[in-house]
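Secondary and tertiary structure notes
Letter by letter, the chains look like this.
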Amino acid sequence: MSIICTSLFELFKVGPGPSSSHTIGPMKAGLHFRKLVEKLPDDTLEHGSRIEVHLFGSLSATGKGHGTDRAVTGGLLGWTPETCDADALQQLLSKEHEEYVISIRSKKIFFKSKHIFFDKIKHPYPFQNTLIIKLMGERKVILEREYYSTGGGFLQVKGEPPKAVNKPQYPYSNMAELKKILEQQKISLRDLMMTNEQSLTGLSWEEIDKKLDHIIDVMEHAVENGLKKEGLLPGPIRLHRKASTLYKMAQSSLLEIPDRFFVFLDAYALAASEENAAGNLIVTAPTSGSSGVIPALLYSHKHYLKKENRILREGLLASAAIGFVAKHNASISGAEVGCQGEIGVAASMGAAFLSKIAGCSIQVIENAAEIALEHNLGMTCDPIGGYVQIPCIERNAVGAIDAYNAYLLASTGDPKKHKLSFDQVVQVMLETGRDMSTKYKETSKGGLALCDIYC
Ligand code: SF4
């Protein structure tokens, strides 16, 4: 079996909401295509008259609500997910006939919303979220690429071999192998994850810590920005933000202690998720749709339980190990396996985060992750109107509390008496996802997406 060669910062990515597979992946595709066009010789480039973008599968079904058209346009304009201006991104394509100039050396290619085609939902391509981008001449295609947005902002390009990456010092492909290395090498989970990251990326441990601190900062900002804002989220659902109301309630003396902690947690999860729904900057953990679960747990541990960044970083490393195994052996894409791959995996990563912060063993970390995912199996992805709002925002709050409960369940009793492994439940998630009808995989053609809502 192939080994896991994913970097921490491919899993935890900064980018604009609301959906990593519909926003970050397509923006990367637009940028990748632009770079290919930049490499064309002048005498080929001069024949280019327009760029066409074809969206398939879930990108076609819910791409409007998820802002895929704006994201891919941003990429074609040279924007990157980590550095783009989220407000400017929101404004792209807001006027139907507005023309954007894609300037490559002295060549100007004009681009409008009519050049984006919401194509077939059922299609022959190997991944649900497929985009095809073409540079057209007057009569023929000059350049064409097929892209697959595979979830969590990861992108594959047809025909392009995966980038050659260094091998991790401690190779593993699943949880069983990871545990075996920890035991045989007598190494801590933190040291294994840091050593592997160093061998994959060439970064020093100090640099990795610094980048993890940046991830923590962006997660905190998403929570804090969301707690301050009120009013309607974008889109036709007219959903009101609720995080600040919950936060004020948690701060008041109206609630008793246990309720208060959970209402704070709900407020933090809603805050980050509402920022995601508004298209602002968040961290994929593992995806944008599920980007409220870990920030809520992290924020509550930093501000309510006063945990230092050193401890939080260890928690993130444990959660990354779980995210890597889930992504490598199944999927973290709602379009591939439903919401079990997004909120289910986020809850599982969150349970590992909490267990690690509490100083639990690798066996408890695994059990906590297994419990969290087990009880999210079969969860469908059916966002109303294609907007990452209902059920997504509240689902992050529920996912954070699931993570908490899974950690509590796993950390009591003898962990060796636990009956299921994380690898088993990941396999079940994959098989359940394969059996799930396409209408429950981010197409908004079934489930909650068909409900009439109160306006
Ligand atoms: S229902 Fe779940 S998987 Fe689907 S868009 Fe919402 S958060 Fe993502």
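What counts, and at which threshold
- Residues numbered from 1 in each chain as written.
- Predicted model: local features only at pLDDT ≥ 70, side-chain atom pairs only at ≥ 80, totals over all residues.
- Heavy atoms only, no water.
- Pairing = 2+ DSSP bridges.
- Helix = DSSP H or I, 4+ residues; strand = E, 2+ residues; numbered from the N terminus.
- Axes fitted to C-alpha atoms, helices over the stretch in contact; angles between N-to-C directions.
- Contact = heavy atoms within 4.5 Å.
- 1 Å grid on protein atoms, 1.4 Å probe; cavity = no way out; pocket = protein on both sides within 12 Å on 5 of 7 lines; lining within 4 Å.
- Points joined across faces, edges and corners; volume = space filled by probe spheres on them.
- Domains from an automatic or database assignment.
- Buried area = accessible area lost by both parts, 1.4 Å probe.
- Salt bridge = Lys/Arg side-chain N within 4 Å of Asp/Glu carboxyl O.
- Polar contact = N/O pair within 3.5 Å; in protein donor to acceptor, adjacent residues only side chain to side chain.
- Nonpolar A, V, L, I, M, F, W, Y, C, P; charged D, E, K, R; others polar.
- Buried < 20%, exposed > 50% of the residue type's maximum accessible area, 1.4 Å probe, protein only.
- Near = heavy atom within 4 Å.
- Phe/Tyr/Trp six-rings, centres within 6.5 Å; stacked < 30°, edge-to-face > 60°.
- Lys NZ or Arg CZ within 6 Å of the ring centre and 35° of its normal.
- Expected span 1.5 Å × (residues − 1).
- Parallel < 35°, antiparallel > 145°, perpendicular 65-115°, else oblique.
- Left-handed = near helix turned anticlockwise from the far one by under 90°.
- Core = buried A, V, L, I, M, F, W, Y, C linked by side-chain atoms within 4.5 Å.

Here we look at the sheet that holds strand β5 (residues 116-118)
The 5 strands lie next to each other as β5-β2-β6-β7-β8, forming an open sheet whose pairing is mixed. Edge strands, defined here as strands with exactly one partner in the open sheet, are β5 and β8 (154-157). Ignoring strand direction, the axes of neighbouring strands in this sheet form an average angle of 20 degrees. Bridging between strand β6 (residues 130-136) and strand β7 (residues 141-151) involves 7 bridges; their strand directions are antiparallel. Note on β7: the bridge partner recorded for leucine 135 is leucine 143. Packing against the sheet, helix α4 (residues 58-66) makes contact with β2 (50-56), β5 and β6, and its axis sits at approximately 105 degrees to β2.

A word on the environment of glutamate 274
Relative to the helices and strands, glutamate 274 is located in helix α11 (residues 257-277). With 114 residues separating them along the chain, glutamate 274 and valine 388 place their C-alpha atoms 9.1 Å apart. In this view, glutamate 274 contacts Gly226, Leu233, Arg241, Lys242, Ala243 and Ile393; residues no more than four positions away in its chain are not counted.

A few points about empty space enclosed by the protein
This structure, assessed with the given rule, holds 3 cavities of 30 Å³ or more. Considering only enclosed or pocket space, the largest cavity measures out at about 170 Å³ in volume. The wall of the largest cavity is formed by 21 residues, among which Gly289, Glu342, Cys381, Val388 and Cys392 lie closest to the centre. Sorting the residues of the lining of the largest cavity by element identifies α2 (20-38) and α17 (392-410) as the ones contributing at least two each.

What about the domain arrangement of the protein chain?
How big an interface is tends to be reported as the loss of accessible area on association of its parts. Along its sequence, the protein chain is carved into domain 1 (19-157) and domain 2 (175-450). For domain 1 versus domain 2, the distance between C-alpha centres works out to 29 Å. Listed as interface residues are 24 residues of domain 1 and, on the opposing side, 24 residues of domain 2. Between domain 1 and domain 2, the buried area comes to about 1,800 Å², and carbon and sulfur atoms account for 57% of it. Counting the contacts that link domain 1 with domain 2 gives 0 salt bridges. For the pair domain 1 and domain 2, the number of links is 8 residue pairs in polar contact (both at pLDDT 80 or more). Elements with a minimum of two residues in the side of domain 1 that touches domain 2: α2, α4, α6 (86-91) and β7. In terms of residues, the side of domain 1 that touches domain 2 owes the most to one element, α4, which gives 5 residues. Residues belonging to the side of domain 1 that touches domain 2 are distributed by class as follows: 8 nonpolar, 14 polar and 2 charged.

Remarks on the pattern of salt bridges
All told, the structure shown has 14 salt bridges when counted by the stated rule. Its salt-bridge partner being arginine 105, residue aspartate 42 comes within 2.8 Å of it at the nearest N-O pair. Separated by 63 residues along the polypeptide, aspartate 42 in helix α3 (residues 42-45) and arginine 105 in the loop between β3 (100-104) and β4 (107-111) bring together distant segments of the chain. With a shortest N-O distance of 3.1 Å, lysine 229 and glutamate 275 are connected by a salt bridge.

Observations regarding the side chain of histidine 301
Along the polypeptide, histidine 301 turns up in helix α12 (residues 293-304). By relative accessible area, which is 5% here, histidine 301 ends up buried. Apart from residues lying up to four places away in sequence, histidine 301 is in contact with Lys306, Lys307, Leu312, Leu354, Ile357 and Tyr404.

Examining the site of the ligand
As a matter of local geometry, the ligand sits amid Gly289, Cys339, Glu342, Cys381, Cys392, Arg395 and Glu442. Of the residues that constitute the shell around the ligand, the class distribution is 3 nonpolar, 1 polar and 3 charged.

Thoughts on the packing of aromatic side chains
Evaluation of the coordinates by the stated rule reveals 12 aromatic pairs. Taken together, a centroid distance of 4.7 Å and an interplanar angle of 65 degrees make the contact between tyrosine 268 and tyrosine 299 edge-to-face. With tyrosine 268 in helix α11 and tyrosine 299 in helix α12, this residue pair connects regions lying 31 residues apart in the sequence. Just as tyrosine 268 is buried, tyrosine 299 falls in that class too. The ring of phenylalanine 154 carries the charged tip of lysine 13 above its face, separated from the ring centre by 4.1 Å. The ring of phenylalanine 154 has lysine 327 lying over it, and the distance from NZ or CZ to the ring centre is 4.2 Å.

Focus on helix α15 (residues 343-357)
Residues that lie three or four places apart on an α-helix share one face, since the helix turns once every 3.6 residues. Look at α15: 21 Å from first C-alpha to last across 15 residues, which is about the 21 Å you get at 1.5 Å a residue. Where α15 terminates, the next one or two residues include glycine 359, which has phi positive at roughly 80 degrees.

What about the packing of helix α16 (residues 362-374) against helix α18 (residues 422-435)?
Where α16 contacts α18, the two axes come as close as 9 Å, and the packing angle between them is 25 degrees. The pairing of α16 with α18 is recorded here as roughly parallel in orientation. Crossing of α16 over α18 shows left-handed handedness. Here Glu366, Ala369, Glu370, Leu373 and Glu374 of α16 lie close against α18, whose contacting residues are Phe422, Asp423, Val425, Val426 and Met429.

Regarding the nonpolar core
With 100 residues, the main nonpolar core has Phe12, Met193, Leu316 and Phe422 as its most contacted residues. Of the residues forming this core, the biggest block, 11 residues, is contributed by α11. Residues in contact with methionine 193, not counting those within four places in the same chain, are Leu8, Tyr172, Leu317, Ala320, Ala321 and Phe324.

Examining the pairing of β8
The pairing of β7 with β8 spans 4 bridges and is classified as antiparallel. Bridged to tyrosine 147 within β8 is valine 157. The turn joining β7 and β8, which pair antiparallel and follow one another in sequence, is formed by 2 residues; a positive phi near 65 degrees is taken by glycine 152.

A look at unusual backbone geometry
In this structure, proline 286 follows alanine 285 across a cis peptide bond, with omega equal to 0 degrees. Note that the residue after isoleucine 390, namely proline 391, is joined by a cis bond; omega there is 10 degrees. For proline 391, the position within the fold is in the loop between α16 and α17. The phi dihedral of leucine 93 is positive, around 60 degrees, even though this residue is not glycine. Looking at the secondary structure, you find leucine 93 in the loop between α6 and β3. Positive phi outside glycine occurs at glutamate 442, with the angle close to 60 degrees. One can find glutamate 442 in the segment after α18. According to the relative accessible area criterion, glutamate 442 is buried, its value standing at 4%.

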